[in-house]
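So you can see what is in the structure, the chains are spelled out below.
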Amino acid sequence: MRYFLEVTYDGTRFHGWQLQPNALTVQEILDDCLRKVFRVPLVETVGSGRTDTGVHATQQWVHVDLPQVLPSAEIQHKLNRILPPDISIGQVFPVGPEAHTRFDAISRTYEYRITLQKNPFLVRHAYYLSRTPDVTQMNEAAQVLLQLEDFTTFSKVKGDTKHYRCTITQAYWREEGNQLIFTIKANRFLRGMVRLVVGTLLDVGKGKLTVAQFRTLIERQDRSLSSGAAPAEGLFLHRVEYPKGYFEQQQALFEQAAALMPKENE
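Residues numbered from 1 in each chain as written. Predicted model: local features only at pLDDT ≥ 70, side-chain atom pairs only at ≥ 80, totals over all residues. Heavy atoms only, no water.

**Student:** Please set out the domain arrangement of the protein residue by residue, giving values where relevant.
**Tutor:** Parsing the protein into structural domains produces domain 1 (2-103 + 242-260) and domain 2 (107-239). Across the boundary between the two partners, domain 1 contributes 16 residues, which contact 15 residues of domain 2. Taken together, the two surfaces of domain 1 and domain 2 that pack against each other cover about 1200 Å², and 44% of this comes from carbon and sulfur. If you sort the residues of domain 1 by the area they bury against domain 2, Asp52, His56 and Gln59 come out on top, with a joint share of 39%. (Domains from an automatic or database assignment. Contact = heavy atoms within 4.5 Å. Buried area = accessible area lost by both parts, 1.4 Å probe.)

**Student:** I'd love a proper account of the UniProt feature "domain: Pseudouridine synthase I TruA alpha/beta" (unreviewed entry) in the protein, names of residues and values included.
**Tutor:** Mapped onto this numbering, the UniProt entry gives "domain: Pseudouridine synthase I TruA alpha/beta" (unreviewed entry) at residues 8-104 and 142-243. Between the C-alpha atoms that bound residues 8-104 the distance is 20 Å, and the span itself is 25% helix and 24% strand. (UniProt positions renumbered as here; feature names shortened; annotations may be inferred. Helix = DSSP H or I, 4+ residues; strand = E, 2+ residues; numbered from the N terminus.)

**Student:** An account of the UniProt feature "active site" (unreviewed entry) in the protein is requested, with residue identities and associated values reported.
**Tutor:** In the numbering used here, UniProt assigns the "active site" (unreviewed entry) feature to Asp52. Positionally, Asp52 belongs in the loop between β2 (46-47) and β3 (56-65). Those residues in contact with Asp52 that sit more than four places away from it in its chain are Gly16, Lys156, Arg191, Gly192 and Arg195.

**Student:** Hey, could you go over the nonpolar core for me, with residue numbers and the actual values?
**Tutor:** Counting residues in hydrophobic clusters, the biggest one holds 80 residues, and the most contacted among them are Leu79, Leu145, Phe151, Phe154, Trp173 and Phe182. Formed jointly, this core draws a minimum of three residues from each of two domains, domain 1 (2-103 + 242-260) and domain 2 (107-239). If sequence neighbours within four positions are ignored, Phe182 has contacts with Tyr110, Glu111, Tyr112, Ala142, Leu145, Ala171, Tyr172, Trp173, Val197, Val198 and Leu201. (Core = buried A, V, L, I, M, F, W, Y, C linked by side-chain atoms within 4.5 Å. Buried < 20%, exposed > 50% of the residue type's maximum accessible area, 1.4 Å probe, protein only.)

**Student:** Can you explain the pattern of salt bridges? Please cite residues and give values.
**Tutor:** Two side chains carrying opposite charge are able to pair once their charged atoms lie near each other. Under the counting rule described, the total for this entry stands at 12 salt bridges. With a closest N to O distance of 3.2 Å, Arg113 and Glu111 form a salt bridge. In this structure Glu111 comes out as buried when scored by relative accessible area, which is 6%. Look at the salt bridges and you will find they share partners, linking Glu111, Arg113, Arg174 and Glu176 into a network. (Salt bridge = Lys/Arg side-chain N within 4 Å of Asp/Glu carboxyl O.)

**Student:** I'd love a proper account of the environment of Leu116, names of residues and values included.
**Tutor:** With respect to the helices and strands, Leu116 occurs in the loop between β5 (107-115) and β6 (127-128). Not counting the four nearest positions on each side in its chain, Leu116 is found in contact with Tyr128, Leu129, Arg131, Thr132, Pro133, Asn178 and Leu180.

**Student:** Just give me the short version of the packing of helix α3 (residues 135-144) against helix α4 (residues 193-205), but keep the residues and values in it.
**Tutor:** Across the interface, α3 lies against α4 with an axial gap of 8 Å and an inter-helix angle of 135°. With respect to each other, α3 and α4 are oriented oblique. Our pair here, α3 against α4, has a crossing hand that is right-handed. Residues Gln137, Met138, Ala141 and Ala142 of α3 touch α4, and the partners they reach there are Leu201, Leu202, Val204 and Gly205. Of the residues contributing to the contact of α3 with α4, the split by class is six nonpolar, two polar and no charged. (Axes fitted to C-alpha atoms, helices over the stretch in contact; angles between N-to-C directions. Parallel < 35°, antiparallel > 145°, perpendicular 65-115°, else oblique. Left-handed = near helix turned anticlockwise from the far one by under 90°. Nonpolar A, V, L, I, M, F, W, Y, C, P; charged D, E, K, R; others polar.)

The following block contains the structure:
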């Protein structure tokens, strides 16, 4: 039976979400705990998106197939008992057999956090800047992102991406005390895209680029024109959204599938 798991993690000590040879990842730890808790030899989790080394998630969705029908609260409790402190399970939803965390998602939201005051408690969760950039200019440049759709400039060279088009629906900076928080929402993101966007917007805020130059470098679709990527510690996969009524529909499909399962005494 298939379940969606809401996973939160501090990515500091991990080489990203996805399984990799000879590197510790969030997926590796979660898969191992699922095997132990539910005593299955093989587990194949699928995440709603990838996060790179050192990047965090306040909401990553994962789907997994388990061999039996179980209460959501039991799955959550058993996994949280053995997961390490930097990974936790939030909501758990039963879903139909064809539900897919990645393909069914309609939007993803990332947040990037900057601290303007040196703070040892934010070392792992915010990028420290000693000087305040021009937030007004960065917000003006951020609005350009909503007007364009090809973001080749903000893509990494390697990868199997078939196209570089993304529909960005939100992109803005806000100030909270001594922090600057950048929010960006789109239907999809390219690998490494958000950190490259943030790094380039910061160059606007530092006066190294004008808003017009920011637009031009995106329109030229040249990867070499983007600024360096902002450090990983400030980036969070913040939210992944599904169509309205999605989980209610999937609950019904789950119940239909469960009704077809053979009973233990049969």
